[in-house]
Structure formats: structure tokens, C-alpha cells
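Summary of structural features
One-letter residues, chain by chain:
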Amino acid sequence: MAKLLVVDDDAAQRRIVASILKAEGHDVREAGSVPEALEELQRRAAEVVLTDLRMPGPGGLSLLDAAMRLSPAPEVVVVTAFGSVDTAVQAMRRGAYDYLAKPLEKDELVVVVQRAAEKYRLRGDASRWRQASRAALEDGIVAESPVLRELLSTLDRISRSDATVLIQGESGTGKERVARMIHAGSPRGAKPMLAVNCAAFPENLLEAELFGYEKGAFTGATARKIGLFEALEGSTLFLDEIGDMPLTLQAKLLRVAQEKEIRRVGGLHAIPVDVRIVAATHRDLQAMVARGTFREDLFYRLNVIPVRLPPLRERLEDVPALARDFLAHPSRRRTIAPDALEALCRYPWPGNVRELQAVLERTCVLAPGAEIRAEDLPPELRRAPSAPGAAKDAKVETEKAAFGLPRDGLVFEELERDLIRQALERTGGSLADAARLLGMTYRTFQYRAAKFGLHGGDHGGEMPPPEA
């Protein structure tokens, strides 16, 4: 059963159509004009709107445009007189699902409305699936640092496009997770994305995996095999470690990216494919181009939308939240002492988030208590020198240590406001740099600055008041 709205100024015609659809088990409402129809849609959403195109006052096209702005938008089927098909085609270009020509055929009416209702439900299922997938992927992604928050804010726009994406970043920074977020938020998100590590396959096997092969193409090819580009029609293929793809295969991949077609191994015919490519690498592809180990034309074809994932040492503000988030998992349920957190923030994390998770997991197994302390951490973390920028931090610490309390005392809030103002002035309004200058986390500095109505370059204009 679907919720339908039948719109026609001809009352007799409207009742006939409504009675036919009610007999099919649908919940049908009627409207005699566009304003009346819009009032009905405000009162209760419809899954399918069946509307005549020609009516006194605003016509069916006006109703179509208004319906397309609703959320969720119903599927619209327009009804037109024989000989006015051009208007119906115009309606479909503006978003109508289909059109019916008068006089209406009962069977055709029933089938078209049923299909429109099915499309509405499938569209809703796909949207819910994408939202659930996106939420699941974002769960566990910590973005305290400005650089990562800015990156995540752009992923929605990247997802909505169909352009090829090249993700570059060191091992362990989460390139595949970002690729899955891009896919889940895209119109292709209702279909599964597959990932292929180009470094994990020999050349011949990788070619067969991606492009498929015909029977008899080589020894052992006893039957035709469909490759991933064909199997993922309408979806996304994630090519991890694209910098390790052999040059001969790079030429075939370039053809897919440019012409949207493939040819199976041993095949004679080009096969059109509709697959979005998201590639990733930890290598410097531009340097590889200069050395002649990566095709320049393929690099530019892949680098349509470049995404750089910063290493963890460039966003140490995220370490405390990452650690707490990881330790809060039901299988661990640990807290972390300030001295251990300080040690984690000093370490440069060459293995990035993956290394941080491995260290915390190992510590959870070996630590005797419910709270992780500095002595529970591996020796290399306890001995770690300060991360880059520590010299400046040490100077700040020395300056802070040299500060003496005036004989007559002071008003602490005035001092705090003045220090925050000075930090913002010294860093040109950067909240992140000012927070580091005062030895605070980004969020703590943001809260305290907001308390005094101070603002920086990370936020245009006056900062919002802190939450209660």
C-alpha cells in the first residue's frame, strides 16, 4: 500500500482514478487544484503524486517544482492529453518519474503508480543505508585538530561528486576509512565498495582481478571470469597503494579512467563500465612521475580531487581523544592517567593511528590496573623526546616558571583573559597555535577564549558562548 495524492480539476476523472487505485489497496487522497494539493502535502506526506498537467491557475509543472523541494520528495507522475507529450517530457526532465497520456488505461495506471511507489521506497532505503554506513564509519574518527576537522568537512562535497579521488598519506593514517566514507555518502553508496591492494598481487593476477578474462586467454582459464570493474557497475572501486601498480597495467587503468570502458584479458571487444575510482598511496607520485616509474597522464587523471591525510605527529591534539575513545570500548573499559597521556603526546608516532591503537591494545593486556599509567607504556614511549615544536614549548614553560606572584596578589580571571589575548595576538589568531602556546588542548582553549568573548582566525567573527 502506498500513500497517493491524485490532483485533477475534473472531479469525475479524479474520482475514477482514485477509485481504481483504492481498489488496489492504496491510501488515496484527492485535490482539485495545485493550492489544494500543496495544503494536502503539508498536512501529510505522499509517496506518489499523480497530477494533471493542465488545470486552471497554477498547473502541474508548478506542483512538480514544489513537490521536488519537499523532503522527502514524492515521486510525481504527470497526466497529459494526447498530443502534448512534449510538455510531459519537459516534466520528466524537471524530476517527474513518468507520464501517462489521456485517455488513461487502467492497467498502465496501476503499473506506473506501483513502480513509482517502489522507487520512492528504494530511494528511502538507500538514503537510510548511506546514513547508517556513514555514521558507522565516522564512529571512532576523532577530529579535535583544525586540520582534520577541515578535511572531514570537505568529505560531504567530495562524496556528492562523481570525480576520481586520490588519497595520499602515510601508512596507518586511515586512507581506506576515508575512501569508505566518501563512498557511503555518495549516490553510489547503496551498493558495496570493494578494495584492492595493488601491492598484494602479481602483475598478471592483478590484471585478471581488475579486468577479467575470456575462456582460453591463458593456461588455466577454463571459463570466462568477470573482473571487478564489471562486477562493481554503478559502485566504487578503491585501489589502495596505486603507486605499486606496474606500468603496463597503468596504461589499461588510464583507458578506464578516460574512456569508461575495459577489455578483458584475451577479449576483443570494449565493454563500457560505470565505476568511480578512489585511489590511495603512501608514495610521492609526483616524484615517481619525475623518475619515470608512474605515468604522468594517469597521475593527472587520478589527481582530480586530491586528499591529503596528515600524519598523527602533525595533529597531536587528537592523541588524547583518540586514546580515550579507544580505551572506552566495552572490551577494554580503561582510563588513562595524566602522566601516560603526556607520554603519548610526546611520541612522534611513525606508525600513525594504527601504531597508537596497537600500543594501547598491548598496554591494556599487560597493565595490571584499571588505569593505564606511564610506567605501563612501552619503554620507547617513556623515553621519547618531545615531539616537533617541543623547543618552543620548553621556552614557554621556562617563561611560565619565571613568573612570580605579585606581592599584592592579582585577579586571576583578568590574568587568564590577558594571557589568552596575548596568545591569540602572537599566533595571528590561530586557536590551535595559541592553545599549544599556553599548554592547553584545542577544546579547552576554545572554551576559555569563548568565555571571555575572544575570537581567532579559526572562527570568523565573535566566538559563541561556552556551553553550560
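A few points on the structure. (Residues numbered from 1 in each chain as written. Predicted model: local features only at pLDDT ≥ 70, side-chain atom pairs only at ≥ 80, totals over all residues. Heavy atoms only, no water.)

Looking now at the pairing of strand 10 (residues 236–240). Of all the 5 residues making up strand 10, 5 are buried; the element is thus mostly covered by neighbouring parts of the structure. Here strand 10 shows a buried face lined by Thr236, Phe238 and Asp240 and a second buried face lined by Leu237 and Leu239. Here strand 7 (residues 194–197) pairs with strand 10 via 4 bridges, running parallel. Among the inter-strand pairings, Ala195 is bridged to a residue of strand 10, identified as Phe238. Inspection of the sheet shows strand 10 paired to strand 13 (residues 276–281) by 4 bridges, in the parallel sense. Following the sheet pairing, Leu237 is matched in strand 13 by Ile277. (Buried < 20%, exposed > 50% of the residue type's maximum accessible area, 1.4 Å probe, protein only. Helix = DSSP H or I, 4+ residues; strand = E, 2+ residues; numbered from the N terminus. Pairing = 2+ DSSP bridges.)

Further remarks concern helix 18 (residues 412–426). Across its 15 residues, helix 18 extends 21 Å between first and last C-alpha, which sits within 8% of the 21 Å expected from 1.5 Å per residue. Every buried residue belonging to helix 18 is among Glu416, Ile420, Ala423 and Leu424, and all of these are buried. Buried residues in helix 18, looked at end-on, bunch into an arc of 100 degrees, giving them a common side. Residues of helix 18 that are exposed and point more than 90 degrees away from the buried face comprise Glu414, Glu425 and Arg426. Where helix 18 is buried, its residues contact helix 19 (431–437) and helix 20 (442–451). Phi turns positive one or two residues past the end of helix 18, at Gly428, with a value near 65 degrees. (Expected span 1.5 Å × (residues − 1). Arc of directions from axis to C-beta. Contact = heavy atoms within 4.5 Å.)

Contact pair helix 8 (residues 203–211) / helix 10 (residues 247–259): the axes reach a minimum separation of 10 Å and the direction vectors enclose 15 degrees. Here helix 8 lies roughly parallel to helix 10, going by the angle between them. Crossing handedness for the pair helix 8 and helix 10: left-handed. Between helix 8 and helix 10, the residues in contact are Glu203, Leu206, Glu207 and Phe211 and Thr248, Leu249, Lys252, Leu253 and Val256, respectively. (Axes fitted to C-alpha atoms, helices over the stretch in contact; angles between N-to-C directions. Parallel < 35°, antiparallel > 145°, perpendicular 65-115°, else oblique. Left-handed = near helix turned anticlockwise from the far one by under 90°.)

Across the sheet, 5 strands lie side by side as 2-1-3-4-5; this open sheet has parallel pairing. Looking at which strands have only one partner, the edges of the open sheet turn out to be strand 2 (27–31) and strand 5 (98–101). Across this sheet, the average inter-strand angle for adjacent strands is 20 degrees, counted without regard to direction. Relative to strand 3 (residues 48–52), strand 1 (residues 3–7) runs parallel, the two being bridged by 4 bridges. Looking across to strand 3, one finds that Val7 is bridged to Thr51. Relative to strand 2, helix 2 (residues 34–43) is tilted by about 140 degrees, and along the sheet it contacts strand 1, strand 2 and strand 3.

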